[in-house]
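Here is how the chains run, residue by residue.
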Amino acid sequence: MNRILTQKIWLILVLTLINFSIFAQSTKVTGKVVDVKGASLVGVSVAIKGTSKGTTTDGSGNYAIEVSSNQTLSFSFIGFTTKEVKVENRSTINVSLDENTADLEEVIVTGNFDPRTRMNASVAISSLSTKQLARIVPNSAADLLKNLPGVYVNSSRGEVNNEVYTRGLNFNGSFYYVSMQEDGLPVMGVSGLVSPDGYLRADINVAKVEAVRGGTASILGPNAPGGIFNYISKEGGEEFEAEIRGRFGLEGNVKNPFYRTEVNIGGPLSKDKTITYNVGGFYRNADGAKYPGYTLSFGGQVKGNVVKKYKKGFIKLYAKYLNDNTSPFEFTPSVDFANPRPAGNFTNTSSTLVQSLQFNVPAAVNFAGRDINYDTRQGLSFNEVAFGLSLSHDLGAGWQFANSFRLSNKENIQQTTAVVFPFRVDQGTFYGVGGNGGRFGTFEFINANTGQSYGTVVRRPGAPIVPGNLSLPGGEVLPNGLLYNPNPYSEFNLDDIINQATVTKRLKNMTFTGGFYYSNSKINAYRLIPAAQTFATIEDKPQTVRIKYTNLGGQAFDLTTPEGISNVGGSGAYNNDATINQAAIFIGHNWDINSKLNFDWGIRAENFSIKSSFTTPRRLADSPTGLDGNASTLYDVRQFASNPAKSFEKSLGLKDVISYSAGLNYRVSQSLAIYGRYSNGRKTPDLSYFASIANQELTSNLSIEAQDIRMAEIGIKLKKGNFNLFATPFYSLAANIPNLQTFQNPDVTYYAPPRVYQKIATTGIELEGNVKFNDNFNLRAVGVIQNSVAEDFKVYLAKTNGPQDDELVVFDGGTNSNVGNMFTVTPSYNKGKFTAAIDWQYMGKRWANVGNAFQLPSFNSFDLHLGYNINKHMNLSVAVNNILDTYGIMDWAAPGGFPASLDTQGFTTAMLEANRNAVYSTRSIMPRSLFVTFSYKL
């Protein structure tokens, strides 16, 4: 070969290599990430596609990263569509992200050791975006969760005291196995006597709801093996924004007025826009879906935050004030176990809460040190004052520190009717419940409001009870019947300190996260169970009944006040003081083994301690003249003393409460990923375990144990164009579950039978899918197909009052109660300024109890939402919930009146067969309602 030619070839090769080397060298790319309005997005993940390298945007939305010109940057952020951009020799790349509502590439914080997309995470996670939340008019904050796969939500009680559970974990309390959170911290450090949804209210201030079911929830949340539901608040942006919503509604089959106003404002506080604020809240006034004759709900909340963003992180100050009153709905008398429906003239809009009732419980019988003025119009009052501080700081060299702290005081006062059940006045049980079992003679029943006499009954020893010209309302429901309306009173005060700190170390292809959680909860619970008793007519908005009594000797007595109040002082006062400390350490490791395979594991060790003192009541002989000194009035003759105060201390050490979880996620392709996970979550007792009026004496002498919740799951995630599908087959096994039962003694005090423990296994598949057919039409569906079996299940059956003849029965192998298939399907349509969506909700049939006495029927319900953007500032929307006014049963109570009605697990097939026409009680989904909402946004 010619030497000159050879030299030229070598020169060309060298220059080519040099050229390739130059182009392959890393170059620094900088830029800013904003939303469609131009507001900076802080914490956006900026990753080099196909590698584990990346960074996040700072407090001003800026980023900087070393990248080769032939590589691609991937920008992902919570609630926004992931965007990929080729570098192509550019040194500046600015990006605008669009909001996203249903993308498996969405980044999720909750339930992950570090922020990850759902496609890359080995855990069952879901979210609801701002847009999705805006079109829903929920009954409660818990009601939002019906739009997540596999989450059972029973909001038949209205705005508070609802039920939320997953994967067959439906025992020992409404939120027992899940953690309801606000901005990453539990709503309450300890629950059990007061439901956390009383302090968690969904309004315009909520930006997003993130949820994790099972899996890492037991590692990253306290006592949350069933899941974490995190309600994330809005923060201010770089530009001033404000929104006001006015909502008018007609509830109770479009009859009862509802008014609600929500306001949210936010924006910058400093010239450089690194300090922002956001404040929002609501006020509402409503007669309720089941109008009791007085305003059912009134009050609201305001909460806000101030955020300082700086180059290496942020600091956020948070405050909240809640002052709200509402009353939960009670059961409706029902008939027909095969096809349950309201009895007689009752409907889904009927109220069984007694009409407005006020009375005084003197200090002499309540042991509160003061008179208690009871007023049913106050219902359940929830008050909270909370302050918090969150921060995140980049320590450099891959180290990140974050901490969230909240200090709060929560108060709850209950003064509303509870456990309303019917009794026949011509049967002995009625007189035993009312404390009149030893009285014989003539009893006259009189309307306390009008003075109308309903007639009499005559009761003699050893003889049948004989009605005398008796004509009580509600005979078509229960002949000769009245509603028992015990009037419980309680005061609950909780001082909470909650803190969670994490330190994260990021390496080339893995992260390590260590954390510490601590909560200190000081509780005082004072309870009169009940404060007094009333009996009322069986009808919508029951009216109290006076009872006059003439003994066999002809002496006349008043068993009630003129207002219908009897047995002032009820069953005596219970007082509990407790301090509960929970501390946990946890560690998580996330390892990107390669570009497709990710492995993560975590372990959590928890310490639990309770120090408690309590007093219980002791029944004394009735006073001969009562509080008023009048021997002819028997409604104030009950006397109680407090038993000597007792105390106990219980604890579970770190070695007793160890939870662990591990998962593998494999990204088969850009459109398909699969994962597998095994978890063992340990659950410590909540407050009700120790403070139940019936079992606290028993509990104080028992050792305590943590429950075992084991789960195995597989996830299949498919993302193909405009189609997303997330399917999660799962298996859960819950063991060492104490069964808490309450029975009554002959002296009307309460007792608990010996503890027995249960084991429940559940299998199923959770489904979540979304398909966007075109720019106008979208279809979203979530659901679960499941089966739950009691592998070990025993309960006591109460017969006569007292423990002497209680019977232990075994229901091993029975199907778990109230666990069925569920689906929510939402087609939506958008065209220009117009939007429309329909939610179809299906609840499958479920066994009523583990004894499988009967089944609660399946049902379908439909919600409609229509919206119109009048202009860029104003929107008008109309929502109709439960369009067909379906009576969908969510809850039930056994026949037999109080306390038998509360023992649903003790109701057997034999009892049903003995009286198939018995009146029992049900609670259903809310009746049809109409809401019109006007929004104005700057």
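Residues numbered from 1 in each chain as written. Predicted model: local features only at pLDDT ≥ 70, side-chain atom pairs only at ≥ 80, totals over all residues. Heavy atoms only, no water.

1. So, the overall build of the chain
Helix and strand counts for the chain come out as nine helices and 60 strands. At 31 Å, the chain has a C-alpha radius of gyration in line with the 30 Å of a compact globule built from 938 residues. In terms of its C-alpha atoms, the chain occupies a principal-axis envelope of roughly 140 × 60 × 50 Å. The buried share among the 938 residues of the chain stands at 57%. For the chain, restricting intrachain contacts to residue pairs at least 6 apart in sequence, the fraction spanning at least 24 positions comes to 68%. Total accessible area computed for the chain in this model is approximately 35,900 Å², and 56% of it derives from carbon and sulfur atoms. (Helix = DSSP H or I, 4+ residues; strand = E, 2+ residues; numbered from the N terminus. Rg over C-alpha atoms; globule rule 2.2 N^0.38 Å. Buried < 20%, exposed > 50% of the residue type's maximum accessible area, 1.4 Å probe, protein only. Contact = heavy atoms within 4.5 Å. Areas by Shrake-Rupley, 256 points an atom, 1.4 Å probe, with all protein chains shown as cover.)

2. Overview of the confidence of the model for the chain
For the chain, the average pLDDT comes to 87, and 93% of its residues sit at 70 or higher. Every residue in residues 8-24 is under pLDDT 50, and counting partners more than four places away or in other chains gives four contacts. (pLDDT = per-residue confidence, 0-100.)

3. Some details on the pairing of strand β5 (residues 72-76)
Among the five residues in β5, five count as buried, and that is most of the element. Neither face of β5 is open: one carries T72, S74 and S76, the other L73 and F75, and all of them are buried. Summarising the sheet, strand β2 (residues 45-48) and β5 pair through four bridges and their orientation is antiparallel. Bridging across to β5, V46 finds its partner in F75. (Pairing = 2+ DSSP bridges.)

4. Brief notes about the side chain of T824
Here T824 lies in strand β52 (residues 822-831). For T824, a relative accessible area of 8% translates into the label buried. Only 3.4 Å separates the side chain of T824 from the backbone oxygen of K146, close enough to count as a polar contact. When neighbours within four sequence positions are excluded, T824 is seen to be in contact with K146, N147, R780, A781, V782, W840 and Q841. (Polar contact = N/O pair within 3.5 Å; in protein donor to acceptor, adjacent residues only side chain to side chain.)

5. Comments concerning the packing of aromatic side chains
Applying the stated criterion to the full structure yields 31 aromatic pairs. Geometrically, the ring pair formed by Y431 and F443 is tilted, given 4.9 Å between the ring centres and 55° between the ring planes. Here Y431, found in helix α6 (residues 428-433), pairs with F443, found in strand β29 (residues 441-447); they are 12 residues apart in sequence, far enough to count as distant. Residue classification places Y431 among the buried positions, given a relative accessible area of 1%. (Phe/Tyr/Trp six-rings, centres within 6.5 Å; stacked < 30°, edge-to-face > 60°.)

6. Details of the sheet that holds strand β14 (residues 185-186)
Read from one edge to the other, the open sheet built from five strands follows the order β10-β15-β16-β13-β14, with strand pairing classed as mixed. Because the sheet does not close on itself, it has two edges, and the strands there are β10 (124-128) and β14.

7. With respect to the environment of Y291
You can see Y291 is positioned in the loop between β19 (275-286) and β20 (297-310). The class of Y291 is partly exposed, set by a relative accessible area of 27%. With 58 residues separating them along the chain, Y291 and T349 place their C-alpha atoms 7.5 Å apart. In this view, Y291 contacts N256, T349, S351 and K541; residues no more than four positions away in its chain are not counted.

8. So, the nonpolar core
In terms of nonpolar packing, the biggest core is built from 47 residues, with L145, V164, M180, F229 and Y231 touching the most fellow members. Per element, the largest residue contribution to this core is four residues, and it comes from helix α7 (residues 687-691). Residue contacts for F229: discarding those within four places in its chain leaves L145, L148, V151, V164, T166, V178, S179, M180, Q181, E210 and A211. One finds A418, F430, L482 and I547 within the second-largest nonpolar core, a separate group that totals 28 residues. (Core = buried A, V, L, I, M, F, W, Y, C linked by side-chain atoms within 4.5 Å.)

9. Overview of the pattern of salt bridges
Evaluation of the coordinates by the stated rule reveals 37 salt bridges. The salt bridge partner of R167 is E766, with a shortest N-O separation of 3.0 Å. Of this pair, R167 sits in the loop between β12 (163-166) and β13 (178-182) while E766 sits in strand β48 (residues 757-772), and the two are 599 residues apart along the sequence. The salt bridge partner of E262 is R260, with a shortest N-O separation of 2.5 Å. On the accessibility criterion, E262 (4% relative accessible area) is buried. Look at the salt bridges and you will find they share partners, linking E182, K303, K320, E384 and K410 into a network. (Salt bridge = Lys/Arg side-chain N within 4 Å of Asp/Glu carboxyl O.)

10. Quick look at the environment of G288
Structurally, G288 is set in the loop between β19 and β20. In this structure G288 comes out as buried when scored by relative accessible area, which is 3%. In sequence terms G288 and E66 are 222 residues apart; their C-alpha atoms lie 59 Å from each other. Setting aside anything within four residues of it in sequence, one finds G288 in contact with E251, N256 and L296.

11. Looking at the side chain of S350
Within the element layout of this structure, S350 appears in the loop between β23 (341-342) and β24 (358-361). At 2.9 Å, the side chain of S350 and the backbone nitrogen of T347 are in polar contact. Setting aside chain neighbours within four positions, we find S350 in contact with K290, N345 and D540.

12. Quick word on the pairing of strand β22 (residues 332-335)
Going residue by residue along β22, you find T332 and S334 tucked away on one face and P333 and V335 tucked away on the opposite face as well. The pairing of β22 with strand β59 (residues 920-924) spans three bridges and is antiparallel. Residue pairing across strands places T332 opposite T922, the latter belonging to β59. Both β22 and β23 contribute to a ladder of two bridges, which runs antiparallel. When the bridges of β23 are listed, S334 appears paired with P342. Counted along the chain from β22 to the antiparallel partner β23, the turn is five residues long, and its residue D336 has a positive phi close to 70°.

13. Some details on the sheet that holds strand β35 (residues 556-558)
Strands sit in the order β31-β30-β29-β34-β35 across an open sheet of five strands; the sheet is antiparallel. Where the open sheet ends on each side, the last strands, each with one partner, are β31 (466-468) and β35. With direction set aside, neighbouring strand axes in the sheet form an average angle of 25°. (Axes fitted to C-alpha atoms, helices over the stretch in contact; angles between N-to-C directions.)

14. Concerning unusual backbone geometry
Trans peptide bonds make up most of the peptide bonds, and negative phi angles are found at most residues other than glycine. The step from I529 to P530 runs through a cis peptide bond, and the omega angle for that step is -5°. The phi angle at K273 is positive, at roughly 65°, despite the residue not being glycine. Positive phi values are uncommon outside glycine, yet N852 reaches one of about 55°. Residue placement: N852 occurs in the loop between β54 (846-847) and β55 (855-856).

15. Topic: the environment of S703
Note on placement: S703 falls in the loop between α8 (696-699) and β44 (707-720). Residue classification places S703 among the exposed positions, given a relative accessible area of 56%. Taking the C-alpha atoms as reference points, S703 and K650, 53 residues apart in sequence, are found 7.5 Å from one another. If we ignore the near neighbours within four places in the chain, the residues touching S703 are K650 and Y689.

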